Structure formats: structure tokens, C-alpha cells
Amino acid sequence: MLGPPGAGKGTQATLIAENLKIPQISSGDLFRDHQDRDTELGRLARSYMKDGVLVPDKVTITMVMDWIEQNTGVGGFLLDGFPRTIAQAKALDQALADSGGIDLAIYVNVPETELVHRLSGRLVCSKCKTQYHTDFAPPSEPCICDKCITELNQRDDDKPEAIKKRFQVYQEETAPLIDYYQVLGRLREVNGVGSIEKIGERMLKALH
Ligand code: AP5
Ligand code: MG
Ligand code: ZN
């Protein structure tokens, strides 16, 4: 799942993984989990993520490859936010060479004005990590998770300066992957504007 910050990768990845009954992982979520557990990797990742820049390829690739190794042989998997650089894409191709690489890269296309609105209103449950949005998907009680009655927080990198940096990094380092997968004939572009349900239908159609 490829797309700019706030495109809805995480929202849709969760729904698709449930629908297809396959495991899914967000590299960003893996890093945030390390931060919650205050591991060495978590502290390293935080020093990059808080400013909206990418964590170095070497540690990112190792972390995601470990996850893939633990999740092979289950009929497929979905990656959200990885690869994000050409070097990561090449490492993934190499790791999956025996099975012919990834099947598809779904590029979620959303205009920047909409992205800023989505990111600046996002709230995340500090316990179960369910995502909400102050305008688009508000919790029943302000700032409280519907599922586990825990406080909702804003991500550090959803502050205005970090959002700006994330867009710049996306253009420079991640957008070139659109061409990379296009050339391989593996790219499917999905319009990421509309209701979460409608976009989910578009995604499943693109996948099938
Ligand atoms: P990561 O966690 O991947 O963040 P991101 O790419 O910036 O993407 P987001 O999670 O912000 O957006 P999303 O597309 O998942 O949208 P979401 O569904 O949440 O990465 C964070 C950081 O980790 C990076 O900056 C980097 O430092 C590091 N990192 C991660 N992977 C890395 C890698 N491979 N290499 C190096 N470093 C890496 O939706 C956003 C909001 O919009 C939510 O509030 C949601 O409710 C709302 N929303 C969703 N869909 C809709 C809709 N259809 N209509 C209205 N609102 C909607
Ligand atoms: Mg996400
Ligand atoms: Zn919760």
C-alpha cells in the first residue's frame, strides 16, 4: 500500500486484511510499538519520526524482513508504508525473489489539501491504536476511544511542521516508487477521496 501521509493506507489496510483474512503490517506502527516498549530501535526511530523524516533503510529493512519471515506461508500479506524508498523496494524484491515478488502495489491517490485536513484532525487510541478523526470519524465521547474507553492522542508527527516535512520527504523519496512499480506492471492506482467504505470497494476491485 503506497501513498502520501494521510492517504488512508492504515485505515484501508485494516479493512482489506480483515476481508481477505491475511496479516497486515504498517512499518510506522512497528516503529511506534517499539517506542511504546522503549526499545533501542524505538528510541532511534523516534529521533527521525518526530521530525517527519524517514528512519534509515538498513534498520527499516531488517525490521520488516523479520516480520515477513514470521508471516510467510499464511496465504499472503499486506504491507502498509513499506517500501518507501527505491532501496527498500529492491530489498523486498530480493527477499521475495523465489515467489516472484509482490503481486501488486496499490497507490492511494489523494490531493494535498485533503491530506492536511485528515492528518491535523487524526486522533489515535493510546491503548488499542484505533484511529479516529475529529470531523470524519469522531469518537462517541470527545477524545475517548469507543472500544476501550481510553484517552485519544495526537501523533507527534501530525503537528504542522512535521506534516510539511513528511510531504517533502514523500515527494523526494517515496513518489519515485510509483514509476518503479508501473514499469514492472504491478501498479494499481485507486482514488482515495470519498467515504471509507467506497474507497474500500475500489481497493478490493483493484486487488481482484
Ligand atoms: P507512517 O506511520 O507510515 O505514516 P504515514 O505514511 O505518514 O501515513 P499515515 O499513517 O499518517 O497515514 P495513512 O495513509 O496510514 O492514513 P490513515 O489511514 O492513518 O510513518 C510514520 C513515520 O515512520 C515516517 O514519517 C517515518 O519516519 C517512519 N517510517 C515508516 N515507514 C518507514 C519506512 N518504510 N522507511 C523509513 N521510515 C519509515 O488516515 C489518516 C486520517 O484520515 C485518519 O484520521 C483517518 O481516520 C482519516 N481518514 C482515512 N480515510 C479517510 C477518508 N476516506 N475520508 C476522510 N478521512 C479519512
Ligand atoms: Mg498509517
Ligand atoms: Zn482503544
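(A) Just the overall build of the protein chain, in detail. A tally of helices and strands in the protein chain yields nine helices and seven strands. If one aligns the C-alpha atoms of the protein chain with their principal axes, the spans along those axes are about 50 × 40 × 35 Å. For the protein chain, the residues scored as buried account for 45% of the 208 residues in total. Nonlocal contacts in the protein chain, meaning residues at least 24 apart in sequence, comprise 64% of its contacts between residues at least 6 apart. Surface summary for the protein chain: the accessible area is close to 11,400 Å², and the carbon and sulfur share equals 52%. For the protein chain, the separation between the mean place of its 25 positive charges and that of its 30 negative charges on side chains is 1 Å.

(B) Spatial organisation of the site of ligand 1. Every one of the 34 residues lining ligand 1 counts as a neighbour, but Thr11, Val53, Arg84, Arg122 and Arg166 are closest to it. The backbone of Gly6 places a nitrogen or oxygen atom 2.9 Å from an oxygen atom of ligand 1. Contact with the protein chains removes 97% of the 1,000 Å² of surface that ligand 1 exposes when unbound. The element that contributes the greatest number of residues to the shell around ligand 1 is helix H2 (residues 27-36), accounting for four residues. For the shell around ligand 1, the residue count by class is 14 nonpolar, 12 polar and eight charged.

(C) Main features of the environment of Leu78. As for its placement among the helices and strands, Leu78 is situated in strand E2 (residues 78-80). By relative accessible area, Leu78 is classed as buried at 13%. On a C-alpha basis, the gap between Leu78 and Gln168 in space is 25 Å, while along the polypeptide they are 90 residues apart. Residue contacts for Leu78: discarding those within four places in its chain leaves Met1, Ala13, Ile16, Ala17, Ile22, Pro23, Gln24 and Ile25.

(D) Here's a closer look at the packing of helix H4 (residues 57-70) against helix H5 (residues 86-95). Following both chains from N to C, one finds H4 and H5 inclined at 30°, their axes separated by 10 Å at the closest point. Taken together, the axis directions place H4 and H5 in an arrangement best described as roughly parallel. In this structure, H4 crosses over H5, and the sense of that crossing is right-handed. Residue-level inspection shows Asp57, Thr60, Ile61, Met65 and Ile68 of H4 in contact with H5, the latter providing Ala87, Gln88, Ala91, Leu92 and Ala95.

(E) Quick peek at the sheet that holds strand E4 (residues 122-125). In spatial order, the strands read E5-E4-E6; together these three strands make up an open sheet with antiparallel pairing. Every other strand in the sheet has two partners, leaving strand E5 (131-133) and strand E6 (152-153) as the edge strands with one partner each. Two strands pair when backbone bridges link them, and E4 and E5 are joined in this way by three bridges, in the antiparallel orientation. Bridging from a neighbouring strand, Arg122 pairs with His133 of E5.

(F) Spotlight on the pattern of salt bridges. Applying the stated rule across the entire model yields 13 salt bridges. Between Asp156 and Lys159 there is a salt bridge, with its nearest N and O atoms 3.7 Å apart. On the accessibility criterion, Asp156 (43% relative accessible area) is partly exposed. According to the relative accessible area criterion, Lys159 is partly exposed, its value standing at 40%. Between Asp158 and Arg166 there is a salt bridge, and its shortest N-O distance comes to 2.9 Å. Given the relative accessible area of 1%, Asp158 is considered buried.

The rules we used
Position numbers for residues count from 1 along each chain, tracking the sequence in the order it is written. The lettering of chains begins at A and the numbering of ligands begins at 1, in the order of writing. Local features in this predicted model are restricted to residues whose pLDDT is 70 or higher, and side-chain atom pairs enter the listing and the counts only when it is 80 or higher, whereas totals over whole chains, interfaces and linings include all residues. Where side-chain values are given, they derive from all heavy atoms of the structure, hydrogens and water being excluded. What counts as a helix is a DSSP run of H or I of at least four residues, what counts as a strand is a run of E of at least two, and both are numbered from the N terminus. Only protein chains enter the accessibility calculation, which uses a 1.4 Å probe; a residue is then buried when its area is under 20% of its type maximum, exposed when over 50%, and partly exposed in between. Between two residues, a contact is recorded if the distance between any of their heavy atoms is within 4.5 Å. Calculation of accessible area relied on Shrake-Rupley with a 1.4 Å probe; when residues are assessed, cover is drawn exclusively from the protein chains displayed. Under the convention used here, Asp and Glu are negative, Lys and Arg are positive, and both His and the chain ends fall outside the count. The atom standing in for a charge is NZ when the residue is Lys, CZ when it is Arg, CG when it is Asp and CD when it is Glu. Residues are labelled near a given molecule or strand when at least one of their non-hydrogen atoms is within 4 Å of it. Nitrogen and oxygen atoms within 3.5 Å of one another constitute a polar contact, given that in protein one can donate a hydrogen and the other can accept it, and given that sequence-neighbouring residues count only through two side-chain atoms. All residues other than Ala, Val, Leu, Ile, Met, Phe, Trp, Tyr, Cys, Pro, Asp, Glu, Lys and Arg, Gly among them, are scored as polar; the first ten of these are nonpolar and the last four charged. Inter-axis angles, ranging from 0 to 180 degrees, are taken between N-to-C directions of lines fitted to C-alpha atoms, where helices are fitted over the stretch in contact. By the definition adopted for this analysis, an angle is roughly parallel if under 35 degrees, roughly antiparallel if over 145, roughly perpendicular if from 65 to 115, and oblique otherwise. It is the rotation of the near helix from the far one that decides the hand of a crossing: anticlockwise by less than a right angle makes it left-handed, clockwise makes it right-handed. Strands qualify as paired when DSSP identifies two bridges or more between them. Salt bridge, as used here: a side-chain nitrogen of Lys or Arg that lies within 4 Å of a carboxyl oxygen of Asp or Glu.

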